[in-house]
Each structure stands twice: as C-alpha cells, then as structure tokens.
Amino acid sequence: MQSDYAVRLDRVSRHFGDVRAVDDVTFDIADGEFFTMLGPSGSGKTTCLRLIAGFDQPTSGRVFLHGQDVTGKPPYERDVNTVFQDYALFPHMNVADNIAYGLMIRKVPKPERMRRVREMLDLVQLSGFEQRKPSQLSGGQRQRVALARALINHPRVLLLDEPLGALDLKLRQQMQIELKAIQKKVGITFVFVTHDQEEALTMSDRIAVFNQGKVEQIGTPEEMYEKPATVFVAGFLGTSNLLSGEHARALTGLAGTISIRPEKIRICTADERVAEGLQSARGVVRDVVYLGTHTRYLVELDSGGDLVVIEQNLDSHELPRGQRVTLAWHPEHLRRLA
Ligand code: ATP
C-alpha cells in the first residue's frame, strides 16, 4: 500500500498500572527519515520503540507502518528490525555467520548469503573480519556487526535503542557520523532512541523530545535548538537562560517565560557602546570558566538575577571576575516558552 509515512503513531498510550509510560502520543515518521526519540531516563522512549517493533502492544491507540495498521501484530509480521545497545551477537558464531543469521533462517542459498554478507561488511567497513568471534572485536566493531546483521534483511524500518551507549566518547562521535552516512546510503528509515542531546543533534533529520510519556516538541535539530517551544525542551537541548515575570518584562519587553541561549549574548566592558537594535543589561562578572574553544561567564545583573554567557575564544582577552560588563542581545533571539 502506498503511504507518505513509514511509521505513524495515532494517539498511542501504554500504561503499566498507574505509570503512563507512553501517554497519548501522535506523530508520523517519513519514509527514509532519520528520526530520533530524545528524552531523559524513564520518559517513555524505549516503550515507544517497543510498540513500533511489536514487542509490546499499546493500551490504546493505533500503530501504522507504511499505510498498514499493525496494532496487535507480532514483531515477525512487521517489516522492521531492531539494534540494541548490548549488540546481542551470538558469541560462538563468527562475524560472517552472525551477520548471515537472518538469511540462514530464511533458507537463502549459501552463495547468495555470502554475497550479501560481503556487501554488508563493506558497508560497515569490516571487510576481512569474517572469521573473527565477537570476543575478538572492539565495542565499536561489535556494534557495526550488529548493524550489519540488522540491515542484511533490508528491513523498511530500522529501530535503534541507544546503540552507541556503551562506547566511549571519541568512538561514539565517530560512529555517529558513520551511522548517519550508512543510513543515507541505504535509504532505510531509522528510528533512533537516545538520551544524548549531542547525538540527536548530530544525526537526526527530526527529533522528538519526550518528557513523562509525552512528546513535548518535534522538529529539525535547528528548529529544536533555535526555537524551543517549552521550558523543558529549552533546558534539555543545550543550556538556556530563563527569565520570567517582571524581570523578563523589564529586560526584554516580553511577558511570560523567556529563554535566550548563552552564545546569543554578547559581553563587553561596561564602557563600550551597544549597537543599535540590540537590547542590553549591565552587571558584574561573578564566575569565569575557560573551556578551550570558548569561555563561560556567569554575570550578576544590576536588576537582579544572573545570565550565563558563552563567548567563543577568538582572542585571549578574558574578562576577570568582578569586571563590570554590559550584555547585549538581539531581540530576535528571545523565545517565549510554554
Ligand atoms: P531509559 O532511557 O532509561 O531507557 P526510557 O525513556 O526509554 O528510559 P521507558 O523504558 O520507556 O523509558 O520507561 C518509561 C516508564 O515506564 C518508566 O517509568 C518505566 O519504569 C516504566 N516501565 C517501562 N516498562 C515497564 C514494565 N514492563 N512494567 C512497569 N513499568 C514499566
């Protein structure tokens, strides 16, 4: 059946007793999209993934794949495959047999099997590792084998549950780039679960931020970062300064809860002139943290409260603690939050 989406959740809930693990969630994932479900521990991401895979069934609502209602159907009747954080490789089988496993079960003839294993090894850059056992591989290599094994059946949708969670930072960053490149190459819809905001920003076409079983906001990485809709999203994706009440009104002219990102605020000594069109506030530097590429300042405002400011280290004129400063920002960088 033709449809313009790969996955559709329509008012899906999954309750465990009193716990609303997934609470009235609705969204579409486009065919070929890299879609990330991002949120803190316990926000319902994995449960949502399991509902798409068919490992679990919703308490209410419907799950669709490519135009077909699959609610109630078991995993093997869904054209999806899953990669887990712990790889789940067979320890006694070599790499080639691990990858070929799905084809063996389906009784695909050996020459065809071997051809596709080679193709997959090439895709995940592990050619030459056919005969190794999982115990003879690094964490990153094991994860690539798991990925190859999940892709060899050409599922229309690949579900990935924190697949990079066990890797150290450097390897994780490298795998983020590789994973995105592989997804582009194969063109399969990827649904990716993570609690790591950087990972989500790096790889995704769109991100859904989960909070307490609900989706707070869905958008491209840039939309989510530049235009967070809620206090939760502003705080979870990057850092944000939040202003509210009279203080917000006095500083920005806006009512409600207002957010501004630390890197959107310019910091200069108090005697420098502020360019036209910018809003400004005066204060004193209370804390300075040098972070290599940038420096983070905490500035106590004369009008009360404080703002975090991040300045890229273009030169080495770090402002000292106690320095009187003027902060300035463009009003278009202010966001009113729900
Ligand atoms: P994490 O990042 O820690 O994996 P998550 O966002 O994936 O978290 P879920 O695993 O989906 O969160 O869990 C959502 C909520 O549902 C949690 O409060 C969890 O304790 C609860 N939950 C999940 N599975 C079950 C279950 N089988 N029985 C009871 N409660 C469950």
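Each chain has its residues counted from 1, running along the sequence as written. Owing to the predicted nature of the model, reporting of local features is limited to residues with pLDDT of at least 70; listing and counting of side-chain atom pairs is limited to 80 or more, with chain, interface and lining totals taken over all residues. Side-chain calculation: all heavy atoms of the structure are included, whereas hydrogens and water are not.

Q: Would you mind going over the site of the ligand in detail, with residue names and values included?
A: For each residue, the test is whether any non-hydrogen atom lies within 4 Å of the molecule or strand; if one does, the residue is near. Taken together, Phe 16, Val 19, Ala 21, Pro 40, Ser 41, Gly 42, Ser 43, Gly 44, Lys 45, Thr 46, Thr 47 and Glu 162 make up the full set of residues near the ligand. Polar contact is the term for a pair of N or O atoms within 3.5 Å; when the atoms are in protein, one must be able to donate a hydrogen and the other to accept it, and sequence-neighboring residues count only if both atoms are side-chain atoms. Measuring from an oxygen atom of the ligand, one finds a backbone N or O atom of Ser 43 at 2.9 Å. Residue Lys 45 places a side-chain N or O atom 2.9 Å away from an oxygen atom belonging to the ligand. The protein chains shown are the only cover counted for residues, whose accessible areas, like all others here, come from Shrake-Rupley with a 1.4 Å probe. Contact with the protein chains hides 57% of the accessible area of the ligand, taken as 640 Å² for the molecule alone. Of all elements in the fold, only strand 2 (19-29) and helix 1 (45-53) reach the threshold of two or more residues within the shell around the ligand. Per element, the largest residue contribution to the shell around the ligand is 3 residues, and it comes from helix 1. Charged means Asp, Glu, Lys or Arg here, nonpolar means Ala, Val, Leu, Ile, Met, Phe, Trp, Tyr, Cys or Pro, and polar covers whatever is left, Gly included. Taken together, the residues of the shell around the ligand sort by class into 4 nonpolar, 6 polar and 2 charged. Secondary structure follows DSSP: runs of H or I at least 4 residues long count as helices, runs of E at least 2 residues long count as strands, and numbering of each begins at the N terminus.

Q: So what's going on with the packing of aromatic side chains? Residues and values would help.
A: Note on aromatic pairs: the rings of Phe, Tyr and Trp (six-membered ring only in Trp) are paired at centre separations within 6.5 Å, and the planes decide the class, stacked below 30 degrees, edge-to-face beyond 60, tilted for the rest. By the definition in use, this model includes 6 aromatic pairs. Between the aromatic rings of Phe 34 and Phe 190, the centroid separation amounts to 5.6 Å while the plane-to-plane angle is 45 degrees, which identifies the pairing as tilted. Pair noted here: Phe 34 is in strand 3 (residues 34-38) and Phe 190 is in strand 8 (residues 189-194), with a separation of 156 residues, a long-range link. Ring centres 5.7 Å apart and planes at 10 degrees place the aromatic pair Phe 232 and Phe 236 in the stacked group. Residue Phe 232 and its partner Phe 236 are located together in helix 8 (residues 231-236), separated by 4 residues, close to a single helical turn. What links up through ring pairs into an aromatic cluster is the set Phe 34, Phe 190 and Phe 192. Sitting over the face of the ring of Phe 90, Arg 149 holds its NZ or CZ atom 5.6 Å from the ring centroid. Put simply, a charge is over a ring when the Lys NZ or the Arg CZ is close to the ring centre, within 6 Å, and near the line of the ring normal, within 35 degrees. Its guanidinium or amino end placed over the ring of Tyr 225, Arg 261 lies 4.0 Å from that ring's centre, counting from NZ or CZ.

Q: With reference to specific residues and values, describe unusual backbone geometry.
A: Even without glycine at this site, Gln 125 takes up a positive phi of about 60 degrees. By secondary structure assignment, the location of Gln 125 is in the loop between helix 3 (110-123) and helix 4 (139-151).

Q: Any chance you could break down the sheet that holds strand 2 for me, citing the residues and the numbers?
A: In spatial order, the strands read 2-1-4-5; together these 4 strands make up an open sheet with antiparallel pairing. In this open sheet, the two edge strands, each paired with only one partner strand, are strand 2 and strand 5 (68-69). We call two residues in contact whenever any of their non-hydrogen atoms come within 4.5 Å of each other. Where helices are involved, their axes are fitted lines through C-alpha atoms of the stretch in contact, as for all axes, and angles between N-to-C directions lie from 0 to 180°. Taken strand by strand, helix 1 contacts strand 1 (7-16), strand 2 and strand 4 (60-65), and its axis lies near 120 degrees from that of strand 1. Only strands joined by at least two bridges in the DSSP assignment are considered to pair.

Q: Requested: an account of helix 3, with residues and values cited.
A: When the terminal C-alpha atoms of helix 3 are compared, their 20 Å separation across 14 residues agrees well with the 20 Å that a helix rising 1.5 Å per residue should span. Summary of the burial criterion: residues with accessible area below 20% of their type's maximum are buried, those above 50% are exposed, and those between are partly exposed, where the area comes from a 1.4 Å probe applied to protein chains only. Looking at helix 3, one finds that the buried residues are Arg 113, Arg 116, Val 117, Met 120, Leu 121 and Leu 123. For helix 3, the angular spread of buried residues about the axis comes to 150 degrees, placing them on one side. In this structure, helix 3 carries Pro 111, Arg 118 and Asp 122 as exposed residues pointing more than 90 degrees from its buried face. The span you would expect from a helix comes to 1.5 Å times its residue count less one. The arc in question is the one traced by the directions running from the helix axis out to the C-beta atoms.

Q: Could you give me a rundown of the packing of helix 4 against helix 5 (residues 169-186), with the residues and numbers involved?
A: Running from N to C, helix 4 and helix 5 point in directions that differ by 20 degrees, and their axes come no closer than 11 Å. As judged from the angle between their axes, helix 4 and helix 5 are roughly parallel. Both helix 4 and helix 5 take part in a crossing whose hand is right-handed. Each of Gly 140, Gln 143, Arg 144, Leu 147 and Leu 151 in helix 4 lies in contact with helix 5, whose residues at this interface are Leu 171, Gln 174, Met 175, Glu 178, Leu 179 and Ile 182. Just so you know how the angles are binned, under 35 degrees is roughly parallel, over 145 roughly antiparallel, 65 to 115 roughly perpendicular, and the rest oblique. Crossings are classed by handedness, with left-handed meaning an anticlockwise turn of the near helix from the far one by less than a right angle and right-handed meaning a clockwise turn.

Q: If you had to explain helix 5 to someone new, which residues and values would you point to?
A: Because each turn of an α-helix spans 3.6 residues, side chains separated by three or four positions in sequence point in the same direction. Between its first and last C-alpha atoms helix 5 spans 26 Å; for 18 residues at 1.5 Å apiece the expected length is 26 Å, and the two agree. Buried-residue contacts for helix 5 involve strand 3, helix 3, helix 4, strand 7 (157-161), strand 8 and helix 6 (197-203). Two residues or fewer after helix 5 comes Gly 187, characterised by a positive phi angle close to 70 degrees.

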